[in-house]
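# Architecture and fold: a report
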There are 2 protein chains.
Amino acid sequence: MSQPISIKDIARKFKCAPSTISRALNDHPAINIETRKTIQEYATRIGYQKNTISLSLLNKQSKTLGVILPTMAHFHESSMVEGMEKILQPAGYLLNICVTNESHALERAYMDRLVANRVDAICISLSQETYDKNRNDHIDHAISRALPLIFMDRFYHAQNLDQVITDDYQGAFLATEHLIQMGCRRIAHLHGPKGITVSQQRFKGYLDCLQKYQLPFYPELLAHVSFSADSAVEATMSLMDHQPDGIFGVNDEVCFGAMKVIREKNIRIPEEIALVGFDDIPLAQFAYPPLSSVSRQSRKIGEETALLFLAKIDGQQENKQISLEPQLIIRESSKKRII
Amino acid sequence: MSQPISIKDIARKFKCAPSTISRALNDHPAINIETRKTIQEYATRIGYQKNTISLSLLNKQSKTLGVILPTMAHFHESSMVEGMEKILQPAGYLLNICVTNESHALERAYMDRLVANRVDAICISLSQETYDKNRNDHIDHAISRALPLIFMDRFYHAQNLDQVITDDYQGAFLATEHLIQMGCRRIAHLHGPKGITVSQQRFKGYLDCLQKYQLPFYPELLAHVSFSADSAVEATMSLMDHQPDGIFGVNDEVCFGAMKVIREKNIRIPEEIALVGFDDIPLAQFAYPPLSSVSRQSRKIGEETALLFLAKIDGQQENKQISLEPQLIIRESSKKRII
DNA sequence: AAAAATCATGCAAACGTTTGCATTCGTTTG
DNA sequence: CAAACGAATGCAAACGTTTGCATGATTTTT
């Protein structure tokens, strides 16, 4: 494997100092304009490519961001990444993307690696295990080394840190309220994985909304699922024994699972059971019937995170908490009456 | 922002040479066992983290892979990434993920940046524009600098390069054959974006299968879509004028779009029109009716790509072309008769 | 007691690039 | 003619780590 060409190689060719080559390539006015041209031409011709590693070492910045995500399988996460790239590519940043698979150990390992790699910041969506075990040493560690750390998507309890999240509580409240307004009185909830803040917040929004409208909360109308459609099948079956007239799902995928079960039981949607999901994935409107959902502007979370980072390295001192407003998108799956 | 602690800082503390610290931290037997322990303890206590950048510079390897993708929005791509991570994380590699949005210019820019960053290899899924414009200089350039380059998912015409792809042709053939065996005689095809090899291969598989079974190809039963469900709506409407009795979609999303149109026209699936998609996304089985699809083992593409890379840096010389066998998953959407 | 072996540590170069401060010219100015 | 100036280039240090070789100190062997 041939070594890449370095500035020193070029210097040897021109019988001059590496500093001259460096300046010539950077169009430094101190270098004779003719010399500059000649060197630049030669460099492009032989395909010289600057070694950014040495630059990172020198300037103590890698122009790279670490991104730690629990998973990438859902539309939500990949949209966030796309949003980040959209802002950060023009700014010259690369992304180191790490998928923890909700494992605390992996999250830790990746965190260490990113720190060792001297990324300019870490954007993290905490893993479920980190919540469960409540082990935050790696987080505190990162904070203590003054490495910009931005919590993305999933809330971290500590006050006053940089966070970009959606108001899940508000979104869940909107969804539940809508079902109530459509006439539902026995609203079931497909509850996300325990311990995950996202699940808890959505459950809380659902609960508080029931209370506001003085509807009782029936524990038998609660079923736990993971975030997959698959997991919703069994959960929904168990719900069916208790005659719900509406279902609020922790995300759209589980609603797809629920709808399948409901259809197979020949129960009509939305007449007998209305449904609202969360995330507004692109396929939501192609469900049968089209699925109402709460959009949380996944792409925008990524964009805002990127912008927050840029502001931060631009000298902005105070930490910022950005909460994006969710939007209720109403489709057939919840239209029990004309609105 | 406090500077991270370096080996030199520790050396100063212990009034010894940096080399001693380095060896101590790496558990080098030449260093007194007691000294080693003391230094290691001190290092962990003050939170020393090795600077991998300097190591990369020294060892001429960054332990990082560049991954260039046209998009991340689909299950297929994020699964590939997850597959890569699964293999590469234990091997100590990080991923630099770049989304080109199918733009040639961005692909070029990212390529340069990754080369400048001295990634150990680049895994690329070519952008549509690169195919369209047939501009491969950046590719040839990378190849000429002996940087391991692995084509992932999308085929590159040059022979004898490293490639990990699915046999799209074969998958399309299987899907079409299945529709024929189910009794379809007027099979429409929702053709993917022009110029993309994936689209072309699937179209070719469809065509050749029709021919094998001596069925005529009706140009009016061809409609072009992007990869989104949305784009399939209009396309399917236009098809409906020509009474297809089966549809083979370039991916699952477009089939969701098609199914919505068909349902709204009160045409029965699969009795009047049978459908088969491609990718076998997790929601396919939750379509109404459950969608038959060709699985292309997205995750496995990522895993194989990672393994190919590992073999490569392990000294394997010859290039390898890996083609993964697609699998037809039969569900309700195509079951016109009992099988 | 001298030679040899063992142990622990230090020196310095290397990786590729940038940059403040010389240095070496040749030219202009008083 | 000397002093000052300007242009073009070179020197060397710096970033953080590793590693072959040398050095010095102690112990073992003959």
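Scroll up to find the structure.
The rules behind these values
Residues numbered from 1 in each chain as written. Chains lettered and ligands numbered in written order. Predicted model: local features only at pLDDT ≥ 70, side-chain atom pairs only at ≥ 80, totals over all residues. Heavy atoms only, no water. Pairing = 2+ DSSP bridges. Helix = DSSP H or I, 4+ residues; strand = E, 2+ residues; numbered from the N terminus. Axes fitted to C-alpha atoms, helices over the stretch in contact; angles between N-to-C directions. Contact = heavy atoms within 4.5 Å. Near = heavy atom within 4 Å. Polar contact = N/O pair within 3.5 Å; in protein donor to acceptor, adjacent residues only side chain to side chain. Nonpolar A, V, L, I, M, F, W, Y, C, P; charged D, E, K, R; others polar. Buried area = accessible area lost by both parts, 1.4 Å probe. Salt bridge = Lys/Arg side-chain N within 4 Å of Asp/Glu carboxyl O. Phe/Tyr/Trp six-rings, centres within 6.5 Å; stacked < 30°, edge-to-face > 60°. Buried < 20%, exposed > 50% of the residue type's maximum accessible area, 1.4 Å probe, protein only. Lys NZ or Arg CZ within 6 Å of the ring centre and 35° of its normal.

Picture the strands of a sheet paired through backbone hydrogen bonds; they go either parallel or antiparallel. Residues and elements named next belong to chain B. Across the sheet, six strands lie side by side as β7-β6-β8-β9-β10-β12; this open sheet has mixed pairing. Each having just a single partner strand, β7 (222-224) and β12 (327-329) make up the two edges of the open sheet. Averaged over all adjacent pairs, the angle separating strand axes in this sheet is 20 degrees, with direction ignored. As defined by bridge partners, strand β6 (residues 187-191) adjoins β7 across three bridges and the pair is classed as parallel. Among the inter-strand pairings, H189 is bridged to a residue of β7, identified as L222. Sitting on the sheet, helix α12 (residues 252-264) touches β6, β8 (246-249), β9 (274-278) and β10 (292-295), and the angle it makes with β9 is about 155 degrees.

Near DNA strand D there are 26 residues, and of these A:T20, A:K60, B:I7, B:S22 and B:Y48 occur at the shortest range. For DNA strand D, the fraction of protein-proximal atoms (within 4 Å) that sit in sugar or phosphate groups is 60%. Within the contact set of DNA strand D, a phosphate oxygen lies 3.2 Å away from a backbone nitrogen or oxygen of A:N32. B:S22 places a polar side-chain atom, nitrogen or oxygen, 2.5 Å from a phosphate oxygen of DNA strand D.

Residues in contact with DNA strand C amount to 26 residues; listed here are only the nearest, A:I7, A:S22, A:Y48, B:T20 and B:K60. Taking the atoms of DNA strand C that fall within 4 Å of the protein, sugar and phosphate contribute 59% of them. B:K60 is positioned such that a nitrogen or oxygen atom in its side chain is 2.7 Å from a phosphate oxygen of DNA strand C. Put simply, the parts of the chain that give the surface near DNA strand C at least two residues each are α1 (7-14), α2 (18-25) and α4 (52-59) of chain A together with α2 (18-25) and α4 (52-59) of chain B. Looking at the surface near DNA strand C, its residues break down into 10 nonpolar, 10 polar and six charged.

Another aspect to go through is the interface of chain A and chain B. Each partner contributes to the interface: chain A provides 62 residues, whereas chain B provides 63 residues. Across the interface of chain A and chain B, roughly 5500 Å² is buried in total on both sides, 57% from carbon and sulfur atoms. Joining chain A to chain B, the criterion identifies zero salt bridges. Secondary-structure elements contributing two or more residues to the side of chain A that touches chain B are α4, α5 (75-88), β2 (94-99), α6 (104-116), α11 (229-240) and α12 (252-264) of chain A. The dominant element in the side of chain A that touches chain B, judged by the number of residues it contributes, is α6(A), at eight residues. Taken together, the residues of the side of chain A that touches chain B sort by class into 30 nonpolar, 19 polar and 13 charged.

Before going further, it helps to examine the packing of aromatic side chains. With the rule as written, the count across this model stands at 18 aromatic pairs over all chains. Here the aromatic rings of B:F151 and B:Y156 are separated by 4.6 Å at their centres, their planes lie at 5 degrees, and the arrangement is stacked. In this structure, B:F151 and B:Y156 share a single accessibility class: buried. A ring pair is formed by B:Y206 and B:F217, whose centres lie 6.4 Å apart and whose planes are at 85 degrees; its orientation type is edge-to-face. Of this pair, B:Y206 sits in helix α10 (residues 197-212) while B:F217 sits in the loop between α10 and β7, and the two are 11 residues apart along the sequence. Residue classification places B:Y206 among the buried positions, given a relative accessible area of 0%. Residue class for B:F217 comes out partly exposed when judged on its relative accessible area of 31%. An aromatic cluster of at least three residues, connected via ring pairs, comprises A:F203, A:Y206 and A:F217. Just above the ring of A:F278 sits the side chain of A:R202; from NZ or CZ to the centre is 3.7 Å. The ring of B:F286 has A:K260 sitting right over it, with the charged end atom 5.3 Å from the ring centre.

Right, let's talk about the sheet that holds strand β7 (residues 222-224) of chain A for a bit. All names here are of chain A. With respect to topology, six strands assemble into an open sheet ordered β7-β6-β8-β9-β10-β12, the strand pairing being mixed. Sheet topology places β7 and β12 (327-329) at the edges, where each strand pairs with a single neighbour. Each adjacent strand pair in this sheet contributes to an overall mean axis angle of 20 degrees, direction not counted. α11 contacts β6 (187-191), β7 and β8 (246-249) of the sheet and is inclined by roughly 160 degrees relative to β7.

Honestly, that's just the spatial picture; any functional story needs more than this.
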